[in-house]
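# Summary of structural features
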Amino acid sequence: MKPGRLQFRRFRTRLVCLLLGLVAAMLGTVYLLISSANERNAIEHIDQNLKIGARLFQKNLDERIDYLSGSAKVMSNDYQIRKLIMQDPLDRETLRSNLDSYADRLRFNAKALPPVITLFSPEREILALSIRNQRLDREHLGPFQDLIRLAADADMEKASGYSYLGGKLHVLVVVPLYAPYPNIAGWFGLAYPIDQAFADSIKNTTLLELTFASNAAEPDHRILSSTLPPRTAHEILALRPTGNNAAGTSQIVLLQGEPYVTLFQPLDLLEEAPATIALQRSLHTELAPARALEKTVLGISLAALAAAALAAVWIARGVSQPLLQLAAHTKVVATGDYTKPITLPRTDEFGQLATAFNQMTAGLAERDRVRDLLGKVVSPEIATQLLRSDLQLGGEEREVTILFCDLRNFTGMSEQMNPIDVLSLLNRYLDRMSTIIERHGGVIDKYIGDAIMALFGAPVSDPAAPGKAIAAAREMARALQGLNREFATEGRPTLAFGIGINTARVVAGNMGSRTRLNYTVIGDGVNLASRLESLTKDPAYDTPIIISEATLRSLLNPPLVRELGEVQVKGKAAAVKIYALGAKGESQPPYPVS
Amino acid sequence: MRACLIPLLFAGCLGLTVRAAEGVRIIVRTTLDGKPVADAVVSATPLDHPVPTPGPGNTAEIEQKNQEFSPYVTVIQVGGKVIFPNHDTVQHHIYSLSKPKRFEIPLYQAGASESVVFDRPGIVAIGCNIHDWMVAYIAVVPTPFFAKTDDTGAATLPSLSPGRYRLEIWHPRAAAPVVQEISSAPENATVLEVKVALKPDKRIRRAPTGKGTDY
């Protein structure tokens, strides 16, 4: 097999591969389509969720701002606060503790940290600061003062913004203390950390990962808080060195090798470079249900593939098994064994083929049997000729050498013997003679009692036929001597024959009725051969073998002959010259002349 | 901040001379559209001679009626006393967080009357802890020469003896007080027009209650 090209010698393998290939290709395509559609949907879904998450994040912050400013408003109208501010000198410690108790009241929820609450004079001087659970100092309060300046200049009743307080990201709100409205007697500054807890609460509602990072331009570029594990979150810093990605479009980033669909949003800070909010969702997590489905699909596909494999093997076997059986049986039949029919117990095309095959085998067996029998009944050449050609009446004219051989006085001899001995003797003689004739290419036309009629040059024409007939006759004469010696030692009577050979154009072919045919030749030439055989009985000729002039002329290498004279042939105007083989006495008289 | 008159800038000071004998008439208008400004406080502080000490009549009254302070703006000389009679059917709790005078008059019954002495100059905004919409202003000025504009924006100072005066015009909605220097002389013009920039009125609007005031 050449490398790179698959070739399957066996039909079964080819069929299995083809079926499996088709099924696998189809299942593979379906699987890939499902998989890619799932991924596309997941990204789209995450993208939508990220946008919703971003809005929810903003809404959450707005809610905190509203909550804080609303609380500050209530606070500013509180009598105690006013009473404390009224005191001169200011009792800062009491004021702070009052703010502390407010801070506890203003927890966003049970888990949330209390907000930072500050009180400033109209001149933005810090009066009191509640920093429960917060690491804050007075020097961290600059952002509040910036915001108050902003609000005072624009005559706003509330101002909010985002900033770092003590290094942590906060949402800030400032609200004036009106005493009475619209006279500003001070400013409340409230702040709420945008921290891990805040991120976690957003994650709880949206299932999104939230990370806050400081601006990349800052020397202390860092993760402020994140719902991701610290190592994973840290990789976000490296993602955005410029911090200037197009806002509003999500992108896929790799964190710890895991793909996250990510939406970066800037968070503008007071007097500082904007921080970054990264909203993310792991593609793996989003795809998990789809992947489970894909696994099921994959399982089903593999099962289908296995089933297809089994089916393919079964089908292939169904096809190849009978073929192999037929092929093996063909080999058996080719060796000539027609005894066993092939057994395929099925009704499909293979069953029909097997039946046809059996019929064919039966036909072949029949033909072989016929041929065998024919070979025995007629000579092999005639049998072949009969089998080869369409069996039909009629014949053709051709030149044939006819040899007639007849035993002398056999009728008288057989009367003195019992019939079984006669038949045995005769068969032995005929067998010996027939063998010689056939060896010389002659064809036994028929046995007529103790006489043999043989043809040379028919049914297969042969220019050397006359010579072969002469050679056969000579050997027959010698063989008869040998046979007679055997008979003599056995105490049996000896035999003598005469042979007439004539060459003539005769009609050769199948003769007889439509149901029973004989391949034979007819014509005057046949009669002449028979006549010549009869002439050997005439002691005057003193020869057992007489050939006609036509035969002599046909010989390629004419032998030494002795002309016997002319004989008048019945129905022919001209006399026919006849010859004995060799000089007189060349051959012993074949029989004792009585 | 509009609450303080003391750290005044003498910006845009004009050496105007007014006739002292008949008193000085001042008309206050808005810079934006020239409309007359009511409730503007006009005061003239002598620069060339000592400020006369206030007489026994240095008192004012701010009543509480229909859950409002009346009048809206009151002017007194430093050391003056303001009486707060409650002519209402409900209790009030007057307070001020303004620097010149931080005080409170805790809940007091209708018909009762309380008084407070204002001993430092400046603007005192007063409110009520019970009624957020109640607001009134007391301008405590360091001179007996003061007046408040009427609905036509006009105010007349009492006759001034000749000399230089620091004229100051303040209004609750003024972004900053307007300060001028004037000279008082018998032969000079008597009417002076001053423009002040006013911020939007931000007082709380009460929902109409039927017996409420006209705003």
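Calculation rules
Residues numbered from 1 in each chain as written. Chains lettered and ligands numbered in written order. Predicted model: local features only at pLDDT ≥ 70, side-chain atom pairs only at ≥ 80, totals over all residues. Heavy atoms only, no water. Helix = DSSP H or I, 4+ residues; strand = E, 2+ residues; numbered from the N terminus. Buried < 20%, exposed > 50% of the residue type's maximum accessible area, 1.4 Å probe, protein only. Contact = heavy atoms within 4.5 Å. Areas by Shrake-Rupley, 256 points an atom, 1.4 Å probe, with all protein chains shown as cover. Salt bridge = Lys/Arg side-chain N within 4 Å of Asp/Glu carboxyl O. Pairing = 2+ DSSP bridges. Axes fitted to C-alpha atoms, helices over the stretch in contact; angles between N-to-C directions. Core = buried A, V, L, I, M, F, W, Y, C linked by side-chain atoms within 4.5 Å. Phe/Tyr/Trp six-rings, centres within 6.5 Å; stacked < 30°, edge-to-face > 60°. Lys NZ or Arg CZ within 6 Å of the ring centre and 35° of its normal. Buried area = accessible area lost by both parts, 1.4 Å probe. Nonpolar A, V, L, I, M, F, W, Y, C, P; charged D, E, K, R; others polar. Patch = residues over 30% accessible without salt bridge, like charges linked within 9 Å, V, L, I, M, F, W, Y side chains within 5 Å. Parallel < 35°, antiparallel > 145°, perpendicular 65-115°, else oblique. Left-handed = near helix turned anticlockwise from the far one by under 90°. Arc of directions from axis to C-beta. Polar contact = N/O pair within 3.5 Å; in protein donor to acceptor, adjacent residues only side chain to side chain. pLDDT = per-residue confidence, 0-100.

### A look at the overall build of chain B
Each helix and strand counted, chain B has zero helices and 18 strands in total. Looking at the 215 residues of chain B, the share that counts as buried comes to 48%. Sequence-distant contacts, at least 24 apart, represent 66% of the contacts inside chain B between residues at least 6 apart. When the accessible area of chain B is evaluated, it comes to approximately 9700 Å², of which 55% is carbon and sulfur surface.

### Comments concerning the pattern of salt bridges
Going through the model one piece at a time under the given rule, you end up with 35 salt bridges over all chains. Salt bridges here are not isolated pairs; linked through shared partners, they connect A:Arg428, A:Arg432, A:Glu486, A:Glu490 and A:Arg492.

### Regarding the sheet that holds strand β2 (residues 126-130) of chain A
Residues and elements named next belong to chain A. Taking strand neighbours across the sheet as the criterion, the five strands line up as β2-β1-β5-β4-β3 in an open arrangement whose pairing is antiparallel. Two strands lie at the open edges of the sheet, namely β2 and β3 (159-165), each paired on one side alone. In this sheet, neighbouring strand axes are inclined to one another by 25 degrees on average, regardless of whether the strands run parallel or antiparallel. With four bridges connecting them, strand β1 (residues 116-120) and β2 associate as antiparallel partners. Residue pairing for β2: Leu119 is matched across the bridge by Ala128.

### Description of the nonpolar core
Across soluble globular proteins, nonpolar side chains show a tendency to be buried alongside one another. All names here are of chain A. Judged by nonpolar contacts, the single largest core of 55 residues is most densely connected at Phe188 and Ile194. With ten residues, helix α1 (residues 11-76) is the single largest residue contributor to this core. Those residues in contact with Phe188, other than ones at most four positions away along the chain, are Ala72, Met75, Ser76, Ile81, Leu99, Ile117, Thr118, Leu119, Val173, Val174, Val175 and Leu177. In this structure, Leu430, Phe456, Phe487 and Leu555 belong to the second largest nonpolar core, which totals 38 residues.

### Let's talk about the packing of aromatic side chains
Residue and element names in this part refer to chain A. Per the stated rule, a full pass over the model turns up nine aromatic pairs over all chains. Judged by centre distance (4.5 Å) and plane angle (70 degrees), the rings of Tyr178 and Tyr181 are edge-to-face. You can call Tyr178 buried: its relative accessible area is 11%. On the basis of relative accessibility, which here comes to 15%, the residue Tyr181 falls in the buried class. Put simply, the rings of Phe57, Phe198 and Phe212 touch in pairs and so form one group of aromatic residues. One Lys or Arg, Arg105, reaches over the ring of Tyr102 and ends 4.6 Å from the middle of that ring. Over the face of the ring belonging to Tyr164 we find Arg222, whose NZ or CZ atom lies 5.5 Å from the ring centre.

### Focus on the interface of chain A and chain B
With 21 residues of chain A at the interface, the matching set in chain B holds 21 residues. Roughly 1800 Å² is buried in total at the junction of chain A and chain B, and carbon and sulfur atoms are behind 54% of that figure. Broken down residue by residue, the surface that chain A buries against chain B is led by A:Met86, A:Pro180 and A:Tyr181, which jointly contribute 33%. Inspection of the region where chain A meets chain B yields four salt bridges. Residues B:Glu104 and A:Lys83 are paired through a salt bridge, measuring 2.3 Å at the closest nitrogen-oxygen approach. Of all elements in the fold, only α2 (79-86), β4 (168-178) and β5 (184-193) of chain A reach the threshold of two or more residues within the side of chain A that touches chain B. With five residues, the single largest contributor to the side of chain A that touches chain B is α2(A). For the side of chain A that touches chain B, a count of residues per class yields twelve nonpolar, three polar and six charged.

### Some words on a nonpolar patch on the surface
Residues and elements named next belong to chain A. Taken together, Phe11, Leu323 and Leu353 make up a surface patch of nonpolar side chains, about 240 Å² in accessible area. For Leu323, the location among the structural elements is in helix α7 (residues 283-334). Using a relative accessible area of 38% as the deciding quantity, one classes Leu323 as partly exposed.

### What to know about the sheet that holds strand β4 (residues 59-61) of chain B
Residues and elements named next belong to chain B. Spatial strand order, β4-β8-β11: three strands in an open sheet with mixed pairing. Only two strands of the sheet have a single partner each, and these edge strands are β4 and β11 (113-118). Pairs of neighbouring strands in the sheet enclose a mean axial angle of 20 degrees, with direction left out of account. Across three bridges, the pairing between β4 and strand β8 (residues 80-85) is parallel. When the sheet's bridge partners are listed, Thr59 is paired in β8 with Lys81.

### Points about the pairing of β3(A)
With respect to burial, β3(A) is a largely interior element, six of its seven residues being buried. Connecting β3(A) to the next strand, β4(A), in antiparallel fashion are two residues, including A:Gly166 with a positive phi near 60 degrees.

### Re the packing of α1(A) against helix α5 (residues 196-206) of chain A
Helix packing for two helices is described by the angle between their axes and how far apart those axes are. Residues and elements named next belong to chain A. Here α1 crosses α5 at 130 degrees, and the two axes come no closer than 11 Å. By the criterion of interaxial angle, the relationship of α1 to α5 is oblique. Read as a crossing pair, α1 and α5 show a hand that is right-handed. Residues Gly53, Leu56, Phe57, Asn60, Leu61 and Arg64 of α1 touch α5, and the partners they reach there are Phe198, Ser201, Ile202, Thr205 and Thr206. For the contact of α1 with α5, a count of residues per class yields five nonpolar, five polar and one charged.

### Some thoughts on the pairing of strand β10 (residues 103-108) of chain B
The two faces of a sheet get side chains in turn, since along a regular strand they alternate between them. Residue and element names in this part refer to chain B. In this sheet, β10 lies alongside strand β9 (residues 92-96) in antiparallel orientation, the contact comprising four bridges. The partner of Ile94 across the bridge, within β10, is Ile105. Hairpin connection between β9 and β10: a loop of six residues separates the two successive antiparallel strands.

### Describing the side chain of A:Glu533
All names here are of chain A. The residue Glu533 is located in helix α13 (residues 524-535) in this model. A relative accessible area of 5% means that Glu533 is categorised as buried. Apart from residues no more than four positions distant in its own chain, Glu533 is found in contact with Phe404, Cys405, Asp406, Arg408, Gly498, Ile499 and Gly500.

### A few points about α5(A)
Since the α-helix packs 3.6 residues into each turn, any two residues three or four apart lie on the same face. Residues and elements named next belong to chain A. The set of residues buried in α5 consists of Phe198, Ala199, Ile202 and Thr206. Take α5 and look down its axis: the buried residues cluster within an arc of 100 degrees, on one side only. Close packing links the buried residues of α5 with α1, β5 and β6 (209-213). Capping the start of α5, Asp195 holds a side-chain oxygen 3.3 Å from the backbone nitrogen of Ala197, two or three residues further along. Within two residues after α5, Leu207 carries a phi angle of roughly 65 degrees, on the positive side.

### Looking at the confidence of the model for chain B
Mean pLDDT over chain B works out to 83, with 83% of the residues at or above the 70 mark. Note on residues 210-215 of chain B: pLDDT under 50 across the span, and five contacts to partners over four residues away in sequence or across chains.

### Quick word on unusual backbone geometry
Residue A:Ala179 is joined to A:Pro180 through a cis peptide bond whose omega torsion reads -15 degrees. Here A:Pro180 lies in the loop between β4 and β5. The amide bond that connects B:Ser70 to the next residue, B:Pro71, takes the cis arrangement and shows omega of 5 degrees. Looking at the secondary structure, you find B:Pro71 in the loop between β6 (68-70) and β7 (73-77). Even without being a glycine, A:Arg124 presents a positive backbone phi close to 65 degrees. Among the secondary structure elements, A:Arg124 is positioned in the loop between β1 and β2. A positive phi is found at B:Gln67, a non-glycine position, where the angle reads about 55 degrees. On the secondary structure map, B:Gln67 appears in the loop between β5 (63-65) and β6. Given a relative accessible area of 15%, B:Gln67 falls into the buried group.

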